[in-house]
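# Tertiary structure, described
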Amino acid sequence: MGDPQLTRASGGSAAPVAAAIGLDVGGGAVKAGAVLLSGDGLLTRAAGPCPPDRATTVGAEAGAAELRVPHHAEADGDALSALCAATAADLLAPLRSRWPDLPVVWGVSAAAWIDPGTGRSVFSPHLMGWRNRPLPQDLARALSPREGMPPPSVVNDADAAAWAEARLVPRPGGDAGPSRPDRMVLVTIGTGIGGALVRDGAVDLGAHGMAGEYGHMTVDPSGVPCPCGNTGCWELLVSAEALAARAGRASARTTLDDALAGDPDCRRAVAATGRWLGRGLATLAAVLDPSRFVIGGGVAVAGELLLAPAREELARHLPGGRHRRVPSVAVATWGNRSGWVGAAGIALERTGWSVTTARTD
């Protein structure tokens, strides 16, 4: 099953009360989209960005409902901020054209450790140009004041994804929303490993806004150095790069495509990656005792090829596993859309709007 898509607002729908633009900024690409909010807290997909003759974002697919903009600006903070502003402007144009007076906010999720009080990027292993930067101010300056939008809400990418999974997806056996009992751990696998802990619908940011950096747990003290400054981090064994290296392929995308097509070497590489994933999940379960794990990010498209060995290792290494319930392990419902959808939803909530659910195709 593919990732869910927000249902596009139809001509007969009630007029929206607000809109939000969400951007998910990672190493290699910016993913983005826009949502409309109804008076009863329902999110729906906004119209696509400006037509091809007005598109300004290099590499974007003009006219699509969402944008994916490749980049090589990880080390150039100014260029990355400018790219994000241009992407937001492309999504803003059709909103302003159709609803000139509609309040519009924007949110950015980034692969970085974010100060929850200021939105400042404290550190990023992979977005080197966004280390120790006041991102809301940077991005506001990069977007023309004529656009009339406030500075963006900026959050960690895994926190945004966890918000979308916890708030906009019905829990098995329950409804979506902020008040249902739940303890969910999200693990996203892409360039690195991101993570978040959700307690009863609320993302736990930790004392300093840096909770959920599970990818930087040391699992191999004699291992190779990590860009975070540590050695032998979990993400060095489970990331997209680790998967590609294990398979001897040029990229994780090629590895995953070949594994899904039945290539035995790539399937073995995915299974080995899944086993390392499961060992890390067992450590997290020992510390956090979640009811469920949700696995997101690009590597999660491997589905059961990845998750089946992960579940086996989780059960094998879980302390007291014979005397307790083993947490479930499932692929994230929103897939690669969760970052920008969560960023948009959080931006709406931070400006006083109530978001309760989303309507999907």
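Residues numbered from 1 in each chain as written. Predicted model: local features only at pLDDT ≥ 70, side-chain atom pairs only at ≥ 80, totals over all residues. Heavy atoms only, no water.

## Observations regarding the overall build of the protein
Inclusion rule: Numbered from the N terminus, helices here are DSSP runs of H or I no shorter than four residues, and strands are runs of E no shorter than two. Think of it in three bands: residues with accessible area under 20% of the maximum for their type are buried, residues over 50% are exposed, and the middle band is partly exposed, with areas taken using a 1.4 Å probe on protein chains only. Here a residue-residue contact requires only that any non-hydrogen atoms of the pair lie within 4.5 Å. Note that accessible areas follow from Shrake-Rupley with a 1.4 Å probe, and for residues the cover is restricted to the protein chains shown.
Within the protein, the secondary structure is distributed over nine helices and 14 strands. A burial count over the protein gives 54% of its 361 residues as buried. Considering only residue pairs separated by 6 or more positions, the protein has 65% of its internal contacts joining residues 24 or more positions apart. As displayed, the protein has an accessible area near 15100 Å², and 53% of this comes from carbon and sulfur atoms.

## Let's talk about unusual backbone geometry
Unlike most non-glycine residues, Asp 200 shows phi in positive territory, near 50°. Looking at the secondary structure, you find Asp 200 in the loop between β10 (193-199) and β11 (202-204). Positive phi outside glycine occurs at Asp 289, with the angle close to 50°. Looking at where Asp 289 falls in the secondary structure, it is placed in the loop between α7 (264-288) and β12 (292-296).

## Concerning the pattern of salt bridges
We apply this condition: Any carboxyl oxygen of Asp or Glu that lies within 4 Å of a side-chain nitrogen of Lys or Arg is treated as forming a salt bridge with it.
Using the criterion set out here, one finds 16 salt bridges in the structure. As a salt-bridge pair, Arg 279 and Glu 313 come within 2.9 Å of each other at their nearest N and O atoms. In this pair, Arg 279 is assigned in helix α7 and Glu 313 in helix α8 (residues 304-317), connecting sequence segments 34 residues apart. Taking the relative accessible area as the measure of exposure, Arg 279 reaches 28% and is therefore partly exposed. Note on Glu 313: relative accessible area 5%, which makes it buried.

## A closer look at the confidence of the model for the protein
Selection rule: Residue-level confidence of the predictor is what pLDDT reports, using numbers from 0 through 100.
Residues at a pLDDT of 70 or more form 87% of the protein, whose mean pLDDT is 88. Here residues 51-64 scores under 50 on pLDDT; set against residues more than four positions off or in separate chains, the count is 26 contacts.

## Quick look at the side chain of Asn 156
Note the following rule: Definition of a polar contact: a pair of N or O atoms within 3.5 Å, with one able to donate and the other able to accept a hydrogen when the atoms are protein atoms, and with sequence-neighbouring residues admitted only if both atoms are side-chain atoms.
As for its placement among the helices and strands, Asn 156 is situated in strand β8 (residues 153-156). A polar contact of 2.8 Å, which involves the side chain of Asn 156, links it to the backbone oxygen of Ala 112. From its side chain, Asn 156 meets the backbone nitrogen of Ala 158 in a polar contact 2.9 Å long. Excluding anything up to four places from it in sequence, Asn 156 contacts Ser 109, Ala 110, Ala 112, Ile 114 and Glu 213.

## Details of empty space enclosed by the protein
Our working rule: Cavities and pockets were defined on a 1 Å grid built over protein atoms only: a cavity is a set of grid points that admits a 1.4 Å probe from which the probe cannot escape, a pocket is an open set flanked by protein on both sides within 12 Å along at least five of seven lines, and lining residues are those with an atom within 4 Å of any such point. Grid points are joined across faces, edges and corners, and a volume is the space filled by probe spheres set on the points. Under the scheme applied, nonpolar residues are Ala, Val, Leu, Ile, Met, Phe, Trp, Tyr, Cys and Pro; charged residues are Asp, Glu, Lys and Arg; polar residues are all the others, including Gly.
For the coordinates displayed, the defined rule picks out one cavity of 30 Å³ or more. A volume near 30 Å³ is recorded for the largest cavity. Lining the largest cavity, in full, are Ala 112, Trp 113, Ile 114, Asn 156, Gly 209, Met 210, Ala 211 and Glu 213. Along the lines of polarity and charge, the residues of the lining of the largest cavity split into five nonpolar, two polar and one charged.

## So, the nonpolar core
To keep it simple, the criterion reads: Residues enter a nonpolar core if they are buried and are Ala, Val, Leu, Ile, Met, Phe, Trp, Tyr or Cys, with the set joined through side-chain atoms within 4.5 Å.
Counting residues in hydrophobic clusters, the biggest one holds 37 residues, and the most contacted among them are Ile 21, Leu 23, Leu 95, Trp 106 and Trp 130. The dominant element in this core, judged by the number of residues it contributes, is helix α1 (residues 77-98), at nine residues. Not counting residues within four places of it along the chain, the set of residues in contact with Leu 95 comprises Ala 19, Ile 21, Ala 34, Leu 36, Ala 46, Pro 100 and Val 104. With 36 residues, the next largest nonpolar core counts Leu 237, Leu 277, Leu 306 and Val 329 among its residues.

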